Amino acid sequence: QVHLVESRGGLVQAGGSLRLSCVASGINFKLYAMNWYRQAPGEQRDLVATITSSGSTTYADSVKGRFTISRDNVRNTVYLQMDSLSPDDTAVYYCKVYARATQFWGKGTLVTVSS
């Protein structure tokens, strides 16, 4: 069974930073692209960042230059470093992997940015 467990989010002031992590189990982690999504209250769930198995990264325009996705294939962990946070970044953040023709999601972690 595939499990994704995100670290605890939290409350941060605007301009601050926060790093999220997501530990994966049940897959050969190094073979899969990993994704971070977020869902703000009343909004749809949107892709924030992707890192491929080879380490290539892509970002939503809204977070380019502020967020950094990375991975540690020894620890089966994907990270999302979030800098220069703004209240617009307030959302539940989810880790996702597409494996075995199925999308697997973590339970999500709430990040709240205060102005």
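Here, every reference points to the structure presented above.
Residues numbered from 1 in each chain as written. Predicted model: local features only at pLDDT ≥ 70, side-chain atom pairs only at ≥ 80, totals over all residues. Heavy atoms only, no water.

Novice: Give me the lowdown on the overall build of the protein, citing residues and values where you can.
Specialist: Summing up its helical and strand segments, the protein has zero helices and eleven strands in all. In sequence order, the protein lays out its α and β elements as β-β-β-β-β-β-β-β-β-β-β. By residue count, 42% of the 115 residues in the protein fall in the buried class. The distance from the centre of the 12 positive side-chain charges to the centre of the 8 negative ones in the protein is 11 Å. (Helix = DSSP H or I, 4+ residues; strand = E, 2+ residues; numbered from the N terminus. Buried < 20%, exposed > 50% of the residue type's maximum accessible area, 1.4 Å probe, protein only. Lys, Arg positive; Asp, Glu negative; His and termini not counted. Charge placed at Lys NZ, Arg CZ, Asp CG, Glu CD.)

Novice: Can you lay out the side chain of Arg66 for me, pointing to particular residues and giving the numbers?
Specialist: Of note, Arg66 is situated in the loop between strand E6 (57-59) and strand E7 (67-72). The exposure class of Arg66 is buried, given its relative accessible area of 18%. At a separation of 2.9 Å, a polar atom in the side chain of Arg66 contacts the main-chain carbonyl oxygen of Ser62. Polar contacts involving the side chain of Arg66 include one to the main-chain carbonyl oxygen of Ser84, which spans 3.0 Å. Among residues more than four places away in sequence, those in contact with Arg66 are Gln81, Met82, Asp83, Ser84, Leu85, Ser86 and Asp89. (Polar contact = N/O pair within 3.5 Å; in protein donor to acceptor, adjacent residues only side chain to side chain. Contact = heavy atoms within 4.5 Å.)

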